[in-house]
Amino acid sequence: MRLWLAAGGPAALKVMAAAGAACAPVRVLWGGPSEQPLAPLSPPWVPALELDSGTVLFSPNAICQFFFLARGEEPTDLTNQWLEWEATELQPAASAALYSQLVHGKKGLEAVEALGKLLAYIEQGLSRRGTAYLAGDTKSVADVVVWGTLFPVLQDETSLPIELQALKTWFQSMTHSEACRKAADSVLMPKALLELKSYLQKQPPPCLAMERAPSNEPEEEEGSERALTEEEITAAADAWARGAAALPKPWQPQKPVLPVEGMRNVLITSALPYVNNVPHLGNIIGCVLSADTFARYCRLRNWNTLYVCGTDEYGTATETKAVEEGLTPQEICNKYNAIHADIYRWFDISFDYFGRTTTPYQTTIAQDIFQRLLARGFLLQDTVEQLRCENCQRFLADRFVEGTCPFCSYEEARGDQCDKCGKLINAVELKNPQCKLCRGIPVVKPTQHLFLDLPKLEERLEPWLEQSWATGDWTANARYITRSWIRDGLKPRCITRDLKWGTPVPLDGFHDKVFYVWFDAPIGYLSITANYTDQWERWWKNPQQVELYNFMAKDNVPFHSVIFPCSLLGAEDNYTLVNHLIATEYLNYEDGKFSKSRGVGVFGDMAKDTGIPADIWRFYLLYLRPEGQDSAFSWSDLMLKNNSELLNNLGNFINRAGMFVCKFFGGTVPNMVLTPDDKRLLARVTLELRQYHQLLEKVRIRDALRCILSISRHGNQYIQVNEPWKRIKGDEKDRQRAGTVTGVAVNMASMLAVLLQPYMPSVSLAIQGQLCIPPDCFVLSHDFTCTLPPGHRVGTVSPLFQKLENDQVEALRKRFGGGQAKRTPPVSEPSPAPATLMAPGDPQWIQELTEEVAKQGNHVRQLKANKAEKAQVDAEVARLLELKQQLAVAEGKSPEVPVPKGKRKK
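Within any chain, residue numbers begin from 1 and follow the written order of that chain's sequence. Whole-chain, interface and lining totals are the exception, using all residues; otherwise, since this is a predicted model, local features are given only for residues with pLDDT of at least 70 and side-chain atom pairs are given and counted only at 80 or more. By convention in this description, side-chain values take in all heavy atoms of the structure and omit both hydrogens and water.

Novice: So what about the overall build of the protein? Which residues, and what values?
Specialist: We count a stretch as a helix when DSSP gives it H or I for four or more residues in a row; a strand needs E for two or more, and each element gets its number in order from the N terminus. Tallying secondary structure elements over the protein gives 31 helices and 20 strands in all. For each residue, the accessible area found with a 1.4 Å probe, counting protein chains only, is set against the maximum for its type, and the residue is called buried under 20%, exposed over 50%, and partly exposed in between. Counting over 906 residues, the protein shows a buried share of 54%. Contact criterion: two residues are considered in contact whenever any of their non-hydrogen atoms come within 4.5 Å of each other. Within the protein, contacts between residues at least 6 apart in sequence are counted, and of these 77% link residues at least 24 apart. As displayed, the protein has an accessible area near 40400 Å², and 52% of this comes from carbon and sulfur atoms. Under the convention used here, a 1.4 Å probe and the Shrake-Rupley method define accessible areas, while residue burial counts only the protein chains that appear.

Novice: I'd like a rundown of the packing of helix H22 (residues 614-623) against helix H25 (residues 701-722), residues and numbers included.
Specialist: Contact geometry of H22 with H25 gives a least axis separation of 8 Å together with a crossing angle of 115°. Here Phe-619, Leu-622 and Tyr-623 of H22 come into contact with H25, specifically with Ile-701, Arg-702, Leu-705, Arg-706 and Leu-709. As a working rule, the residues Ala, Val, Leu, Ile, Met, Phe, Trp, Tyr, Cys and Pro are called nonpolar, Asp, Glu, Lys and Arg charged, and the rest polar, with Gly in that last group. By residue class, the composition of the contact of H22 with H25 is 6 nonpolar, no polar and 2 charged. Here an axis means a line fitted to C-alpha atoms, over the contact stretch when the element is a helix, while the angle between two N-to-C directions is reported on a 0 to 180 degree scale.

Novice: Give me the environment of Ala-766: which residues, what numbers.
Specialist: Assignment of secondary structure puts Ala-766 in helix H28 (residues 761-771). What makes Ala-766 partly exposed here is its relative accessible area of 31%. In this structure, the C-alpha to C-alpha distance between Ala-766 and Val-797, residues 31 residues apart in sequence, is 9.4 Å.

Novice: Can you break down the sheet that holds strand E9 (residues 394-395) residue by residue, with the values?
Specialist: We treat two strands as partners when DSSP finds at least two bridges between them. Taking strand neighbours across the sheet as the criterion, the 4 strands line up as E9-E8-E13-E14 in an open arrangement whose pairing is antiparallel. The open sheet has two edge strands, E9 and strand E14 (493-494), and neither has a second partner. Relative to E9, strand E8 (residues 379-389) runs antiparallel, the two being bridged by 2 bridges. Of the residues in E9, the one forming a bridge with Cys-389 is Arg-394.

Novice: Account for the environment of Gln-65, with residues named and values stated.
Specialist: Mapped onto the secondary structure, Gln-65 falls in helix H2 (residues 60-70). Each C-alpha atom, one on Gln-65 and one on Val-15, is 9.4 Å from the other, the two residues being 50 residues apart in sequence. When neighbours within four sequence positions are excluded, Gln-65 is seen to be in contact with Asn-80, Leu-83 and Val-141.

Novice: Explain empty space enclosed by the protein to me, and be specific about the residues and the numbers.
Specialist: Grid spacing is 1 Å over the protein atoms alone, the probe is 1.4 Å, and a cavity is where that probe fits but cannot get out, while a pocket is an open set with protein on both sides within 12 Å along at least five of seven lines and lining residues have an atom within 4 Å of a point. Grid points are joined across faces, edges and corners, and a volume is the space filled by probe spheres set on the points. One pass over the structure, following the stated rule, counts 3 cavities of 30 Å³ or more. Quantified by volume, the largest cavity comes out at close to 130 Å³. Looking at the largest cavity, it is lined by 14 residues, and the ones nearest its centre are Leu-247, Met-751, Val-779, Asp-783 and Thr-787. Looking at the lining of the largest cavity element by element, the count peaks at 3 residues for helix H27 (residues 732-756). The computed volume of the second largest cavity comes to approximately 40 Å³. Around the second largest cavity, the lining residues are Leu-548, Asn-550, His-560, Phe-564, Pro-565, Leu-568, Thr-576, Leu-577 and Val-578. It is helix H20 (residues 557-571) that contributes the most residues to the lining of the second largest cavity, 4 residues altogether.

Novice: Can you lay out the nonpolar core for me, pointing to particular residues and giving the numbers?
Specialist: We call a set of buried Ala, Val, Leu, Ile, Met, Phe, Trp, Tyr and Cys residues a nonpolar core when their side-chain atoms join them within 4.5 Å. By size, the foremost hydrophobic cluster in this structure holds 189 residues, and its most contacted members are Ile-268, Ile-369, Trp-617, Trp-635, Tyr-692 and Tyr-759. The element contributing the most residues to this core is H27, with 13 residues. Not counting residues up to four positions away in its chain, the partners in contact with Trp-635 are Tyr-589, Glu-590, Val-602, Ile-612, Trp-617, Val-809, Leu-812, Arg-813 and Phe-816. Counting 56 residues, the second-largest nonpolar core is a separate cluster that includes Leu-13, Ala-21, Val-145 and Leu-154.

Novice: Please give an account of the pattern of salt bridges that cites residues and values.
Specialist: What makes a salt bridge here is a side-chain nitrogen of Lys or Arg within 4 Å of a carboxyl oxygen of Asp or Glu, nothing more. Applying the stated criterion across every chain yields a total of 43 salt bridges. The salt bridge partner of Glu-572 is Arg-460, with a shortest N-O separation of 2.7 Å. Of this pair, Glu-572 sits in the loop between H20 and strand E18 (580-584) while Arg-460 sits in helix H15 (residues 454-471), placing them 112 residues apart in sequence. Residue classification places Glu-572 among the partly exposed positions, given a relative accessible area of 40%.

Novice: How would you summarise the sheet that holds E18 if you had to cite specific residues and measurements?
Specialist: Taking strand neighbours across the sheet as the criterion, the 5 strands line up as E7-E6-E5-E17-E18 in an open arrangement whose pairing is parallel. For this open sheet the edge positions go to strand E7 (353-356) and E18, each flanked by a neighbour on one side alone. Adjacent strand axes in the sheet meet at a mean angle of 20° when their direction is disregarded. Strand direction decides the pairing type here: strand E5 (residues 265-270) and strand E17 (residues 546-553), joined by 6 bridges, are parallel. Residue Ile-268 lies in a different strand from E17, and its bridge partner there is Tyr-549.

Novice: Quick rundown of H25? Include the residues and the values.
Specialist: For H25, built from 22 residues, the straight-helix expectation of 32 Å at 1.5 Å per residue is met to within 8% by its first-to-last C-alpha distance of 33 Å. Within H25, 16 of the 22 residues are buried, which leaves the element mostly enclosed by the surrounding structure. Following H25 by one or two positions, Glu-723 adopts a phi angle in the positive range, close to 45°. Helix span, as expected, comes to 1.5 Å for every residue beyond the first.

Novice: Outline the environment of Ser-636, supporting the account with residue identities and numerical values.
Specialist: Inspection of the secondary structure assignment puts Ser-636 in helix H23 (residues 635-665). Owing to a relative accessible area of 2%, Ser-636 belongs among the buried residues under this scheme. Linking Ser-636 and Arg-813, residues 177 residues apart in sequence, is a C-alpha distance of 8.7 Å. Separated by 2.8 Å, the side chains of Ser-636 and Arg-813 make a polar contact. Identification of polar contacts relies on pairs of N or O atoms within 3.5 Å, with a donor-acceptor requirement for protein atoms, meaning one able to donate a hydrogen and the other able to accept it, and with residues adjacent in sequence counted only if both atoms are side-chain atoms.

Novice: Pulling in residues and values, what's your account of unusual backbone geometry?
Specialist: Backbone torsion omega between Lys-255 and Pro-256 reads -5°, so that peptide bond is classified as cis. Of note, Pro-256 is situated in the loop between helix H10 (230-242) and E5. Positive phi, close to 65°, is recorded for Asn-302, a residue that is not glycine. Assignment of secondary structure puts Asn-302 in the loop between helix H11 (281-300) and strand E6 (304-311). For Asn-432, which is not glycine, the phi torsion reads 50° and is therefore positive. If you trace the backbone, Asn-432 turns up in strand E12 (residues 431-435).

Novice: An account of helix H7 (residues 165-176) is needed here, citing residue identities and associated values.
Specialist: Here H7 is 12 residues long and its end C-alpha atoms lie 17 Å apart, about the 16 Å a rise of 1.5 Å per residue gives. The elements touched by buried residues of H7 are helix H5 (116-129), helix H6 (141-154) and helix H8 (178-187).

Right under this line is the structure:
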């Protein structure tokens, strides 16, 4: 292989470092920008790699990946995410910073400031995962590529801010590695850098795009704190004066909801929850709650909206669960469908219809799509080696097999994946396999299966994807995951399984098989709609009139962006395909993951037993919705957000506004004479309102919630500055001012009731009842209008939220914390230790607890340094004391009772 590099070229650095790190056998040929490029279209300074086959690679990142692949290192999903982020976000910004350094003479510190958010993103990635490198504990191609882009700008880690400690450590480690050091010495020579500078001086400065995911981000408002123009202030005052008459009339669709000519028809689905388990908070925010919030917003906009969901009930997991519980698959489905429906009802999820996939419509529609694919040549037959249990007289689906993992030797690996090392497994690869049903030893036998010919459908899929991406809003992770599937090349996908519980395959020779759940399950959206209305095709075979939004967690993306669309495209029946694919990252629980078996985390059926209202759960889950990266549920943070954002900010403002009307004006909204300051407030609130719309139209649900809280903060500040409780006791002018402030404030509260409805429907309804807001005002517009005019009577006003106490939250944290294996019974109440309980003196236990105590101690110190609220600090101190007591027990000491401050032990 021959590698052409331009000395001094920024891209040459990472390519040279990758070649060294991967020990690639290349012959390096050095050149410069003045020399003839390797190919007519090849730009100067860009490396090129000529393979032994004669193929030439021009993309620097592709060259780096090739070196690592040639060494046998396959990129992980995380590695690919870093590479895409480097290419789309970091590289343009670093190029602009390098141009500023070399051409404009800016110093390194200014360059670091220009890269601030991007450096913070790397810091966050390293810190959150706790790994030495970007994609794990070993160096990958992602580390080399990101380092190679940063090094020409930074040169060394001393220019990095001190708070970016994880980034500094990583950057130093990379810079001192042999491959990177040698690459820097050979590429970034002074003479070559002067030549690069001379070349750049003749070029226009790089155009730096905004740091955002393509098309899922709205155009930024200039910010609610910017200076307001006179035109904006005048327009806001005019809109206010027009009053409720200017609002659109709320529209109530017919039942069943069907597309309407000339209206915006929005079809919303959330990924069908699998029926055999109880959803935890992460499942709820990832699918149904996010979709519900958006559906409620759409209805408030008078968009004709249908929101459907239901339980996914066929497949191996249902059969397995039925065996475990001694029930039939149908009985399991009935049991868990009712559990799911009850949970979503409690969370106030506003489905138009919540159904299930075990229906005759599912069979009819799935078999029709199958027959159309078969008739058009988009299905293949192939022989597959599969385990068969002769005792049970059946081929065993993945989850009916257990054995020893071929990768890590874990003895209870499933036939599809190892729970210990996480690697995907083909069941025939298991060592010592066993049938889970009878514990017999299965044998490998050939069996026929049907495959969806994805390579043949790819020529239809790609143009559709390009159009959907160009016209719709797909989250960045949905685009990335889909691109990675396409980039790796589509392969035929098996759509049948040797099971009894599923949609039967209507083809001779396959009558003993059913459709694989990921061919069958997305068709559930169609069959559930068909159970809602016999005119379902008006939604699902009507792409000209219907906009389809799919909500899901990121692990479901390829099935909705590749496999299901391919099935519908191949069926050639004018199906409605997804326009907007909205995928979340993952919600974790405290410092780990949700686990029903270990009792870790809050599951849907437990939330209502906490005594915390459903709307508080909705608010907090939406507040930390994992839109761009993983987030974590925290009891301390839940308490903090409830007590600060809801109780002290939002609830305080709405309660005060209503109470002033009752207390000072006999329950009647007073006359209002607006001053220039009032009009500026109207304009400021209008900016927030329009930002709210802009964000929700792009399905940035979490960020739009901040607009609501910002409006209530403006309201609190407005009341505090104007002090109506004092002015009401003054002269006529003061009393008039008190009336104006009260009237404006209560109208802000009225608008907040509408804005809150998608997030907290019960709270919204309570505000509507307390302020007697007319039903015709419960609609969203882009203007802040006076909906409660002078003379309007309000009702009885009462607090909307209750304070969460530290003791209450600590009890809940312990109740849902799991980890009982590491907990020791109180000394005064000895009890037999379970088999899994670690004994005092266990060095591993002591080491783990020592690390946890140190980590928690640092956390407490940081909170105190940041002057966090006392309630939050007390909660974390209590956690620290609990860990110290556990450590004392582990070390064989008697746990000391904490001594109150100011008292000494005698």
